[in-house]
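Here are the chains, one letter per residue:
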Amino acid sequence: MTPVAGSGWDIAVVGAGIAGASVAAELAPFARVVLLEREAQPGYHTTGRSAALFSETYGPPAIRALSRASAPFFRAPPAGFAAGPLLSPRGVLMVGRADQAEALARLAEEVAPHGNGRLLDAAETEAMLPLLRPGYVGGAVFEDGASDIDVHALHQGFLRRFRDCGGTIATGHELLGLSREGAGWRVSTSRGDLRAAILVNAAGAWADEIGRMAGARGVGLVPKRRTAMIVAAPAGVDPGPWPMAVDIDEEFYLKPDAGRLLISPADETPSPPCDAQPEEIDIAICIDRIERAFALSVGRVENKWAGLRSFVADKSPVAGYDADVEGLFWLAGQGGYGIQTSPALGRCAASLVLRKPIPGEIAAQGVTSAALSPARLGATA
Ligand SMILES: Cc1cc2nc3c(=O)[nH]c(=O)nc-3n(C[C@H](O)[C@H](O)[C@H](O)COP(=O)(O)OP(=O)(O)OC[C@H]3O[C@@H](n4cnc5c(N)ncnc54)[C@H](O)[C@@H]3O)c2cc1C
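Residues numbered from 1 in each chain as written. Predicted model: local features only at pLDDT ≥ 70, side-chain atom pairs only at ≥ 80, totals over all residues. Heavy atoms only, no water.

1. Considering the overall build of the protein
When you go through the protein residue by residue, the secondary structure sums to ten helices and 20 strands. By the compact-globule yardstick of 21 Å for 381 residues, the protein fits well, its C-alpha radius of gyration being 21 Å. Out of the 381 residues in the protein, the part that is buried amounts to 56%. A sequence separation of at least 24 residues applies to 71% of the contacts in the protein between residues at least 6 apart. Carbon and sulfur atoms make up 52% of the accessible area of the protein, which totals about 15,300 Å². If you average the places of the 35 positive and of the 42 negative side-chain charges in the protein, the two averages end up 5 Å apart. (Helix = DSSP H or I, 4+ residues; strand = E, 2+ residues; numbered from the N terminus. Rg over C-alpha atoms; globule rule 2.2 N^0.38 Å. Buried < 20%, exposed > 50% of the residue type's maximum accessible area, 1.4 Å probe, protein only. Contact = heavy atoms within 4.5 Å. Areas by Shrake-Rupley, 256 points an atom, 1.4 Å probe, with all protein chains shown as cover. Lys, Arg positive; Asp, Glu negative; His and termini not counted. Charge placed at Lys NZ, Arg CZ, Asp CG, Glu CD.)

So, in structure tokens, the structure goes:
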């Protein structure tokens, strides 16, 4: 194998979470690519901390377009990509109280043209999710096609594909500095220097820090902490067949998880990039909101964690070359949707790195390079 340090590469991708892994897998057939990851485990940060949902009704329009464009990959991944299916049926109820009826109607109207959301009244919603406290909801938008994602299989599938196409994964390599050298970059890592013509910045919450190392202005990324925890379902009840429930104004969610319940206060607390940890106050808020909406008395919290969902001002992802710094490509700002959008976003990003147009079937869903470009953030970053 080519040593990582001391070598010259066409492309160095920084960050081996789902963003870096997906773009690297798409680039490897066309270039000599090294994937640099600071941690010993590529999924250690946000990628390993998600709620694993695939939903075509969740998030702003650019996210929904990327999710729709990712659906064919999830439903029929390439041969040998994963040992089992990447998706398993779940369904999601975007629930609202009577005073949230307007928001529900708005969402139903927005998703109607794509045929993936149905407005339900209170009785229909309660029948679908009997754990709801009687009288709490006024209705819901139900998305039948929403699914659980096998995030580990997806992430490992991208990494395997990358390696199979000749890519090199370098864990334990922290990027420490960048400088221009000839027509490319001198990339200084904790295990020595290497050279690369192009740097793809897929460093999650740290993407603005990497951008600044390269001399760029940054894209105004704000990492936001989100907390999740696992609690027991009511005694004697199998929550497996229940859909996920998400408050229409995103104040909480609840999702069956291997016989238990994953709950979250859907918090969005700005944070510096770090190894995020749950705070007691967010756990207390979560339990309070969940107990108001559901006939559930939360006893012991069996497991808890937090992760950083990183957003730019318009909450849509960024994929494109920096306008001012040559050879710097941004792949950042996936917010709370980086897993479900990764198949399409990884392909778009790879096409743009190689200066090709966005693939036709992804563009057909309404994804444009202008909407992804960091240049759109010029005024706000
Ligand atoms: C509680 C929670 C629930 C979520 N639920 C969902 C969901 O249901 N569906 C969904 O699609 N998304 C969900 N998300 C969002 C999703 O997890 C993220 O959008 C996605 O994981 C971001 O991936 P990433 O590769 O950009 O970041 P990361 O996984 O954080 O990867 C970035 C990597 O860059 C590395 N890195 C940083 N700096 C350096 C450096 N200097 N040198 C080398 N390496 C470096 C880091 O070590 C890290 O491994 C959720 C997130 C959270 C926190």
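2. Some points on the packing of aromatic side chains
All chains considered together, the criterion is met by seven aromatic pairs. Seen in terms of ring centroids, Phe73 and Phe81 are 5.1 Å apart; in terms of plane orientation they differ by 85 degrees. Their pairing is edge-to-face. Phe81 shares its class with Phe73; the two are buried. These aromatic residues form a ring-pair network of at least three members: Phe73, Phe81 and Phe158. When the ring centre of Trp9 is taken as reference, the NZ or CZ atom of Arg32 above it lies at 4.8 Å. The ring of Trp185 carries the charged tip of Arg180 above its face, separated from the ring centre by 4.7 Å. (Phe/Tyr/Trp six-rings, centres within 6.5 Å; stacked < 30°, edge-to-face > 60°. Lys NZ or Arg CZ within 6 Å of the ring centre and 35° of its normal.)

3. Brief notes about the packing of helix 1 (residues 18-27) against helix 8 (residues 342-353)
The interhelical angle for the contact between helix 1 and helix 8, taken along N-to-C directions, is 55 degrees, at an axis separation of 8 Å. The angle between helix 1 and helix 8 falls in the class oblique. You can see that helix 1 and helix 8 cross each other, and the crossing is right-handed. Touching Ile18, Ser22, Val23, Glu26 and Leu27 of helix 1 are Ser342, Gly346, Arg347, Ala349, Ala350 and Val353, all from helix 8. (Axes fitted to C-alpha atoms, helices over the stretch in contact; angles between N-to-C directions. Parallel < 35°, antiparallel > 145°, perpendicular 65-115°, else oblique. Left-handed = near helix turned anticlockwise from the far one by under 90°.)

4. Looking at the domain arrangement of the protein
According to the domain assignment, the protein contains domain 1 (8-49 + 151-221 + 315-377) and domain 2 (115-144 + 223-309). Just the C-alpha atoms count here: the centres of domain 1 and domain 2 sit 31 Å apart. Between domain 1 and domain 2, the contact holds eleven residues from the first and twelve residues from the second. A combined buried area of about 950 Å² lies between domain 1 and domain 2, and 50% of that area is made up of carbon and sulfur atoms. Linking domain 1 with domain 2 are two salt bridges, by the criterion used here. (Domains from an automatic or database assignment. Buried area = accessible area lost by both parts, 1.4 Å probe. Salt bridge = Lys/Arg side-chain N within 4 Å of Asp/Glu carboxyl O.)

5. Quick word on the site of the ligand
Among the 37 residues in the neighbourhood of the ligand, the closest are listed as Glu37, Thr47, Leu175, Gly335 and Gln340. Between the ligand and Thr47, the relevant distance is 2.6 Å, taken from an oxygen atom to a side-chain nitrogen or oxygen of the residue. Compared with its free state, where it exposes 1,000 Å², the ligand has 97% of that area covered by protein. Of all elements in the fold, only helix 1, strand 2 (33-37) and strand 18 (301-311) reach the threshold of two or more residues within the shell around the ligand. Among the residues making up the shell around the ligand, the classes are represented as 16 nonpolar, 14 polar and seven charged. When residues of the shell around the ligand are sorted by domain, at least three fall in each of domain 1 (8-49 + 151-221 + 315-377) and domain 2 (115-144 + 223-309). (Near = heavy atom within 4 Å. Polar contact = N/O pair within 3.5 Å; in protein donor to acceptor, adjacent residues only side chain to side chain. Nonpolar A, V, L, I, M, F, W, Y, C, P; charged D, E, K, R; others polar.)

6. Observations concerning the sheet that holds strand 8 (residues 147-149)
Spatially, 3-8-4 is the arrangement adopted by the three strands of the open sheet, whose pairing is antiparallel. Strands at the two margins of the open sheet, each flanked by one partner only, are strand 3 (53-54) and strand 4 (87-89). Where strand 4 lies against strand 8, three bridges are found, and the strand directions are antiparallel. Of the residues in strand 8, the one forming a bridge with Ser88 is Asp148. (Pairing = 2+ DSSP bridges.)

7. Digging into helix 8
Relative to the 16 Å expected for twelve residues at 1.5 Å per residue, helix 8 spans 16 Å between its end C-alpha atoms, a close match to the ideal helical length. Of all the positions in helix 8, only Ser342, Pro343, Ala344, Leu345, Gly346, Cys348, Ala349, Ala350, Ser351, Leu352 and Val353 are classed as buried. Just downstream of helix 8, Arg355 is the residue with a positive phi angle, here 60 degrees. (Expected span 1.5 Å × (residues − 1).)

8. Examining the pattern of salt bridges
Inspection of the entire model under this criterion finds 21 salt bridges. Of the charged contacts, one joins Glu56 and Arg75 as a salt bridge, the two residues approaching to 3.7 Å between their closest N and O atoms. Within this pair, whereas Glu56 is found in the loop between strand 3 and helix 2 (61-75), its partner Arg75 is found in helix 2, the two being separated by 19 residues in sequence. Classification of Glu56 as buried rests on a relative accessible area of 12%. Look at the salt bridges and you will find they share partners, linking Arg226, Glu250, Glu268, Arg309 and Lys315 into a network.

9. Thoughts on helix 7 (residues 280-293)
The end-to-end C-alpha distance of helix 7 is 20 Å, a good match for the 20 Å that 14 residues give at a rise of 1.5 Å each. Looking at helix 7, one finds that the buried residues are Asp282, Ile283, Cys286, Ile287, Ile290 and Ala293. With its buried residues spanning 140 degrees around the axis, helix 7 presents them on a single face. Seen from the buried face of helix 7, the exposed residues on the opposite side, beyond 90 degrees, are Glu280, Ile281 and Arg292. In this structure, the buried residues of helix 7 make contact with strand 13 (222-232), strand 15 (253-257), strand 16 (260-264) and strand 18. (Arc of directions from axis to C-beta.)

10. Let's talk about the side chain of Glu37
Here Glu37 shows up in strand 2. The charged side chain of Glu37 is buried without a salt bridge, its nearest counter-charge being Arg38 at 5.1 Å. Polar contacts involving the side chain of Glu37 include one to the main-chain amide nitrogen of Glu39, which spans 2.9 Å. Non-local contacts of Glu37, meaning those with residues more than four positions away in its chain, are made with Gly15, Ala16, Gly17, Pro42, Ala170, Thr171, Gly172 and His173.

11. Regarding the pairing of strand 19 (residues 318-321)
The pairing of strand 19 with strand 20 (residues 328-332) spans four bridges and is antiparallel. In the strand pairing of strand 20, Tyr321 is matched with Phe329. Turn length for the strand 19-strand 20 hairpin, with the two strands adjacent in sequence and antiparallel, is six residues, and the turn residue Gly327 shows positive phi of about 75 degrees.

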